[in-house]
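Single-letter residue listing:
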Amino acid sequence: MDCLDTYLNMHLSYKDYYIMNNDYLTKENVTPELLYYNINSDVEILLNRLCISPSKQGYKYWKDAIYLTILNNAGYMSICKEIYPNIAKKYNKTAISVERAMRVCFESVLYDNSKREPDYIFTYMKNYLLYPHNSELLAKLTELVVSKEFQKIKSSFKSV
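Residues numbered from 1 in each chain as written. Predicted model: local features only at pLDDT ≥ 70, side-chain atom pairs only at ≥ 80, totals over all residues. Heavy atoms only, no water.

Asker: What should I look at first to understand the environment of A139 in this one?
Answerer: Of note, A139 is situated in helix α8 (residues 134-146). Here A139 falls in the partly exposed class, since its relative accessible area comes to 28%. (Helix = DSSP H or I, 4+ residues; strand = E, 2+ residues; numbered from the N terminus. Buried < 20%, exposed > 50% of the residue type's maximum accessible area, 1.4 Å probe, protein only.)

Below is the structure:
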């Protein structure tokens, strides 16, 4: 039984990886407010580097979706059955309108190469996603935000 408990506790969530890879957070000092602030800050850096305007409707939906995904301890949330409805309820919209706004938010970014200079984030997105669905985008964006590489280079993005 002891081996089974150890095995089950080895599974780390996105939240655990985020705390482990973030220089400013430790298990002892993390609070919900500090975690919320850091995740939102990192997601804003990421979306701004992808040239997504904060005025787009889908921008705030993506921030909420990534935040929900990181804080989910189960490891996986259904985008159609859990994430869209939660966001729709928060903003008094329908789940379909949330899905559409999130998709439209990324269309111009991923398919218009004329105004982009290659950088780490854009190259990461283009290498892994050709014509992505929102669920694929959410997974890759979340993995990127919690990654050690992103945590190392995000300070250079803040000044840009």
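Additional details are given in the paragraphs that follow.
Asker: Looking at this structure, how should I read unusual backbone geometry?
Answerer: Generally, phi is negative for residues other than glycine and the peptide bonds are trans, each holding for most cases. At N92, a position not held by glycine, the phi torsion is positive, near 55 degrees. Turning to its location among the elements, N92 is positioned in the loop between α5 (79-91) and α6 (95-111).

Asker: In this structure, what is going on with α8? I would like to understand it.
Answerer: Count 3.6 residues to each turn of an α-helix, and residues three or four apart come out pointing the same way. Across its 13 residues, α8 extends 18 Å between first and last C-alpha, which sits within 8% of the 18 Å expected from 1.5 Å per residue. Taken together, the buried positions of α8 are N134, L137, L138, L141, T142, L144, V145 and V146. (Expected span 1.5 Å × (residues − 1).)

Asker: Before we go on, may I ask you to explain the pattern of salt bridges in this structure?
Answerer: Where charged atoms from two side chains of opposite charge approach closely, those side chains can pair. In total, this model carries 4 salt bridges according to the counting rule given. E44 is the salt-bridge partner of K63, the closest N and O atoms lying 2.7 Å from each other. In this pair, K63 is assigned in helix α4 (residues 57-71) and E44 in helix α3 (residues 32-49), connecting sequence segments 19 residues apart. Here K63 falls in the buried class, since its relative accessible area comes to 15%. Linking D64 and K90 is a salt bridge whose minimum nitrogen-to-oxygen distance equals 3.3 Å. You can see D64 sitting in helix α4 and its partner K90 sitting in helix α5, a full 26 residues away along the chain. Since its relative accessible area comes to 12%, D64 is described here as buried. (Salt bridge = Lys/Arg side-chain N within 4 Å of Asp/Glu carboxyl O.)

Asker: Can you help me understand the packing of aromatic side chains in this one?
Answerer: We describe a pair of aromatic rings using the distance from one ring centre to the other and the angle between the two ring planes. Per the counting criterion, the structure on display carries 2 aromatic pairs. With 5.0 Å between their ring centres and 85 degrees between their planes, Y36 and Y67 make a pair best called edge-to-face. Here Y67 lies in helix α4 and Y36 lies in helix α3, a separation of 31 residues in the sequence. (Phe/Tyr/Trp six-rings, centres within 6.5 Å; stacked < 30°, edge-to-face > 60°.)

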